[in-house]
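These are the residues of each chain, in order.
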Number of protein chains: 4
Amino acid sequence: MLVRALRDAGAEVSWSGCNPLSTQDDVAAALADEGVSIYAWHGMNTEEFYWCIEKSLEFKPTLTLDDGADLIFTVHNKHKELADQVIGGTEETTTGVHRLRAMAADGKLRYPVIAVNDAETKWDFDNVYGTGQSSLDGILRAQNHPLGARNSVGRATATAGRAAACAPKGMGANVIATEVKATAALKATLEGIRVMPMDEAAKVGDIFITATGMKDIIVGKHFEVMRDGAIVCNTGHYDCEIDIEALEKMAVSKRQIRDSNEEYTMPDGRRIYVLAQGRLVNLAAAEGHPSEVMDMSFANQFLALKRLKDLHGELDNQVHMLPEEQDQEIAQIKLDTMGLGIDTLSEDQIKYATDYSAGT
Amino acid sequence: MLVRALRDAGAEVSWSGCNPLSTQDDVAAALADEGVSIYAWHGMNTEEFYWCIEKSLEFKPTLTLDDGADLIFTVHNKHKELADQVIGGTEETTTGVHRLRAMAADGKLRYPVIAVNDAETKWDFDNVYGTGQSSLDGILRAQNHPLGARNSVGRATATAGRAAACAPKGMGANVIATEVKATAALKATLEGIRVMPMDEAAKVGDIFITATGMKDIIVGKHFEVMRDGAIVCNTGHYDCEIDIEALEKMAVSKRQIRDSNEEYTMPDGRRIYVLAQGRLVNLAAAEGHPSEVMDMSFANQFLALKRLKDLHGELDNQVHMLPEEQDQEIAQIKLDTMGLGIDTLSEDQIKYATDYSAGT
Amino acid sequence: MLVRALRDAGAEVSWSGCNPLSTQDDVAAALADEGVSIYAWHGMNTEEFYWCIEKSLEFKPTLTLDDGADLIFTVHNKHKELADQVIGGTEETTTGVHRLRAMAADGKLRYPVIAVNDAETKWDFDNVYGTGQSSLDGILRAQNHPLGARNSVGRATATAGRAAACAPKGMGANVIATEVKATAALKATLEGIRVMPMDEAAKVGDIFITATGMKDIIVGKHFEVMRDGAIVCNTGHYDCEIDIEALEKMAVSKRQIRDSNEEYTMPDGRRIYVLAQGRLVNLAAAEGHPSEVMDMSFANQFLALKRLKDLHGELDNQVHMLPEEQDQEIAQIKLDTMGLGIDTLSEDQIKYATDYSAGT
Amino acid sequence: MLVRALRDAGAEVSWSGCNPLSTQDDVAAALADEGVSIYAWHGMNTEEFYWCIEKSLEFKPTLTLDDGADLIFTVHNKHKELADQVIGGTEETTTGVHRLRAMAADGKLRYPVIAVNDAETKWDFDNVYGTGQSSLDGILRAQNHPLGARNSVGRATATAGRAAACAPKGMGANVIATEVKATAALKATLEGIRVMPMDEAAKVGDIFITATGMKDIIVGKHFEVMRDGAIVCNTGHYDCEIDIEALEKMAVSKRQIRDSNEEYTMPDGRRIYVLAQGRLVNLAAAEGHPSEVMDMSFANQFLALKRLKDLHGELDNQVHMLPEEQDQEIAQIKLDTMGLGIDTLSEDQIKYATDYSAGT
């Protein structure tokens, strides 16, 4: 839909995947059939993944759109010559925005970037309701166990992580959060969620979900103490959150028991189940976010690219935010499609909100 | 506790109430007994309220601390001469901060202000968990009806409002939100809450809770269509959210049926119940926020005043934010007191978070 | 309301309280003013309590109505001569019904009893929603701490207990259930509630609520291991669930810090808070069940007494159930008053439900 | 597992499916490979379904085990000669038990039946947590829409129906219940669920789930008023709850948009989506109940067959209940496997529970 909208607005588009597992082949085929330049298929290896990015860059883009920042990093690290002609870029993920800010702070960013991720209508919807539902869907499909009566351990440094980690709560799981941010830990406890370090949680968890954008969340020492039957999965963008390599070395045997579900047997007989090889369980074992959630994220991507074009020459090489009014406009259109009405402030009320002329 | 902490840190303190109903007389008496200058008692009228503020200003403060901005507005509107010697001020409420920002934008603010309300450890805890629990407590005390099976209508333009409006959900109420902000309306629907304009909600609601910091949320046209037995209350700072005056004119009779609960009988026989005369139901009918929630708000107040003193001369006459590290420090101390541990990122992980040198 | 309804239906009524703390003096006074024979006031001692029962028995009743079975046991144990003229009795509580069944099994019951408690419109509403809300109300009033971030330990052998124990869940508490019934324990875990023996729960709980109808739920060994600041209360009918006597002996000092809240200091400095002296916290610290919940319980009481009269001579001296149709009739009337509609099965559908003539 | 347990206990087993869609072919093949007589495959037509039952009856069983009562009805309706040698039978479903009770009341039941469905460890677990999770799983797979912000309409005359209808609540749906039983309707409203007749709910629902064991729940008049985009599915045993035939006649076109998801376009352009052709969405679009839930149901089936054999000659031709102790024994074993402990009553406490010798 986003590709078609960009094309209908007059853009020429070349496209590659943002993750080896994120492409739906039928969608890619349909777009190719419409004449769109597409380099993407489901289940690429790393070499193929970067080959696709390289192919899409032969197009010599004037705007870049990223979900994970691999495209923009490739431009900056391997094709600096392309950067000069790029008007600007967008980035969809928390991790990508974080790294692009670090790059800008080092003076290394060669064109302005808009942090689509940071739009309220993106991160507070896509990252919460999209990730929550699609991760739960992936976990249900990959392992047909009840979630009730389970200790569900989530590690979540961003909104998406929390949503994914808490999704099983509605189905009767007892949720445990491990945290690195004190305010987030405190909020979790006030919602009835237990908080403890991963070293402790590893001993009591039944289902582990990582969604942090950070590496090495679940590592060897955690596998050592996990219960027999523990299930481990990741819904973060990259597959470095769970140290599968360590588990491979520790296990005495391994077998696939279902689609997206591998059983590792430890020397002491305990079995640990890894879903989707530690890759995004919501994409690999289910179908990703519902379109009703992606619509707002895509509206932000579209409007961000339009903004970069409209403000060509006016933005410096930093990571920029989208204006707050755009969030309200997108959300209002969404409410209209749902047939839901809200109130509006009267002139008198607006005046009251900023009135400092008198006391109360 | 805040007064004692300020005094122990070397401050001389003079104190007046922030609301005619917010003072606990025993606490005021205990502080007076310790020699603190206190002008406050429970149940003042408007004239007495401002007399107290005037009395506390005779003290000629060098720092002002506000919960509702009445003190700082009095300084600016009636005692401009005092403003010159004031190093800075703090403000606790969303509404107050909003108005002080408007004042600063007009160039009318005469000394720097720190928006204590905007600290994450204040608004995301005090406004959510404090207001939620204390409002529910007030409603339970003022009307002994079950919350289950009730349509609970909340109007909430800020966090505190949403919390208060949703508190009955845990007790089986079916929550309806009326909104003026499109993103907030959309989030509510994604949490299973119905969204509609107040004109519609007025017809189906059983319990109405306002907490907006805005006037005229529930007015005459709403009373006209409410169900027999509807209960109306407010947990916002000022008592202008519900148009009690309009109700007084419409009703044919009125009687107090319980503490903090008045029954208005309409010409057609319908009865509408107003809790605490439309004043803060959590303070007037219950005891306000638990101390375990106020501790973090007060830590922010204390540290904000210290910051104003430490940075004397360095801050311009604007509304300033507290540094984010202070939030994490306060939250960490709170977690420590609760015996809860969190994880810390390794050097390697911190490096990973900002690494843009290679692809994924 | 029940007294008035009985009187309006032609009964002569004499009334005493079912618990030393359960009488609201203003209600008793109003009834006395109407000429009803009332022997009850708030805060009686044990001697006064039984004196009131004796006084109400001077009336020589032909029907008895009990909430806790003290009246009927007094008739059987001390006034056997009265039993011969009694047509039948009713009992409102789980504990009372349990004991009356034991009495009947021993052939000691001298007249038929209807177990009002066992009507679905009583136990599945009064015991769940009434006890849940009123206990939470009592706990909020007696201790102004946040329930979020608390481990709330409930011991619950009956529905009412579970409801009271789980009520804090909606306010962010992490609920722990201790159980003696395996199926109940299993259901709790499937709802995300942790289950453990009281000996373990005593070490981690912040708020303890008993509601079992059983004695000695929280005893000396539990007080020995509780955390500093633990809060203990009971919402069961009798005050034997918490061994206050043991706590009195263990503590080095005791002081009342609020209404219905006493602080016991242990030799090692830990403080334990007991609400309402271990008596029903929902009655002693709040106002008991909302009338919208009691209405159905009272309808059952009324109809049970009418049934005993109508079937005089036909019922043997056992504990009898109310007919299931009465539940549906009461619930239907309640739905009607709430303006809620349900569907009805067509003739064709009713036939389908019992059709065994063919396969599917 | 159940087949293997029966065989290991010494039984000879012949097996056919209970529903055209409920067989997993790999499981059937594995059992056949072990020498078990199996007549079942996924996706049979009605003729094949009954052929399989006939084939399994050639085995001339002495015990029958049913899930839906098709086997036992076939014995009674077509093979009366077999009934004489049957010791007894079991039935797994609410509908089946209901019809068998009607048959027994008419004096038509030819051998004793045990209502496995009515064991607490069956209906209060399998029907609640099994159906809830597997139905949600099926709905997520068959339509990738968010459940948040949706009006989810459930019609539920039994526990399983309520569970399935409420499962979306945890994911942010606003749940509406349609009911035929007044007490169930009242409970739903006290849990914050809206109650209305299907004629009204049909106009506002986004997702409809039937699970009643009753026919004609959603019929032509409901399709006429549904919103564009409404999704309709069934998780009850038989496919007669949704009148697909009526929809076929009303629609101007029909196409399959995904696995288990057909779009019907109405004359006015509205689109209605039917999942799994109105057959059990949890089996047809997902994988049925998790094994951790079925284990207790199967334990009841096994012990019920053993009980029929042990009590051969002692039971009359009625529908019998399992003893309550069996529930507690099964639940206790389950808790043990989960490592969860509960308390036990002391002698003194047991005595207290039935003590009627004195007052309180």
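This is a predicted model, so every value here is computed, not measured.

What counts and how
- Residues numbered from 1 in each chain as written.
- Chains lettered and ligands numbered in written order.
- Predicted model: local features only at pLDDT ≥ 70, side-chain atom pairs only at ≥ 80, totals over all residues.
- Heavy atoms only, no water.
- Helix = DSSP H or I, 4+ residues; strand = E, 2+ residues; numbered from the N terminus.
- Rg over C-alpha atoms; globule rule 2.2 N^0.38 Å.
- Buried < 20%, exposed > 50% of the residue type's maximum accessible area, 1.4 Å probe, protein only.
- Contact = heavy atoms within 4.5 Å.
- Areas by Shrake-Rupley, 256 points an atom, 1.4 Å probe, with all protein chains shown as cover.
- Lys, Arg positive; Asp, Glu negative; His and termini not counted.
- Charge placed at Lys NZ, Arg CZ, Asp CG, Glu CD.
- Least-squares fit on C-alpha atoms with pLDDT ≥ 70 in both.
- Buried area = accessible area lost by both parts, 1.4 Å probe.
- Salt bridge = Lys/Arg side-chain N within 4 Å of Asp/Glu carboxyl O.
- Polar contact = N/O pair within 3.5 Å; in protein donor to acceptor, adjacent residues only side chain to side chain.
- Pairing = 2+ DSSP bridges.

Caption draft 1: Broad picture of the overall build of chain A. Along the backbone of chain A there are 17 helices and 14 strands. Scaling as 2.2 N^0.38, a compact globule of 360 residues should have a C-alpha radius of gyration of about 21 Å, and chain A matches this with 22 Å. In terms of overall dimensions, chain A has C-alpha extents of about 65 × 65 × 40 Å along its principal axes. Here chain A, with 360 residues, has 59% of them falling under the buried criterion. Considering only contacts within chain A whose residues lie at least 6 apart along the sequence, 64% involve residues at least 24 apart. With the model as given, the accessible surface of chain A reaches about 14,300 Å², and the carbon-plus-sulfur share is 50%. Distance between charge centroids for chain A: 6 Å, based on 35 positive and 55 negative side chains.

Caption draft 2: Structural context of the relation of the copies chain A and chain C. Overlaying chain A with chain C gives an RMSD of 0.0 Å, the required rotation being 180° about an axis along which the chain moves by 0.0 Å. Viewed as a symmetry operation, the transformation between the two copies matches a two-fold axis. Ranked by how close their C-alpha atoms come to the rotation axis, the residues of chain A are headed by A:Asn174, at 4.5 Å. Both copies share a contact surface, since 100% of the interface residues of chain A are interface residues in chain C too.

Caption draft 3: Structural view of the interface of chain C and chain D. With 66 residues of chain C at the contact, the number on the chain D side is 66 residues. In total, chain C and chain D occlude about 5,900 Å² of area from one another, counting both sides; carbon and sulfur atoms represent 61% of this. Applying the counting rule to chain C against chain D returns six salt bridges. Across the pair C:Lys187 and D:Asp124 runs a salt bridge, and its minimum N-O distance is 2.4 Å. Put simply, chain C and chain D have 30 residue pairs in polar contact (both at pLDDT 80 or more) between them. Contributing elements (two or more residues each) for the side of chain C that touches chain D: α3 (46-57), α4 (70-78), α6 (94-105), α7 (120-123), α10 (182-190), α16 (324-338) and α17 (347-353) of chain C.

Caption draft 4: Focus on the sheet that holds strand β14 (residues 319-320) of chain B. Residues and elements named next belong to chain B. A sheet is described by the order of its strands in space; here four strands give the open sequence β3-β4-β5-β14, paired in parallel fashion. Across the chains shown, the open sheet's two edge strands, defined by having one partner strand only, are β3 (63-66) and β14. The pairing of β3 with strand β4 (residues 88-91) spans four bridges and is parallel. If you follow Leu63 over to β4, its bridge partner there is Gly88.

Caption draft 5: Local environment of the side chain of A:Asn117. All names here are of chain A. Among the structural elements, Asn117 can be located in the loop between β5 (113-115) and α7 (120-123). The exposure class of Asn117 is buried, given its relative accessible area of 4%. In contact with Asn117, other than residues within four places in its own chain, are Glu91, Glu92, Thr93, Thr94, Val97, Lys122, Trp123 and Asn127.

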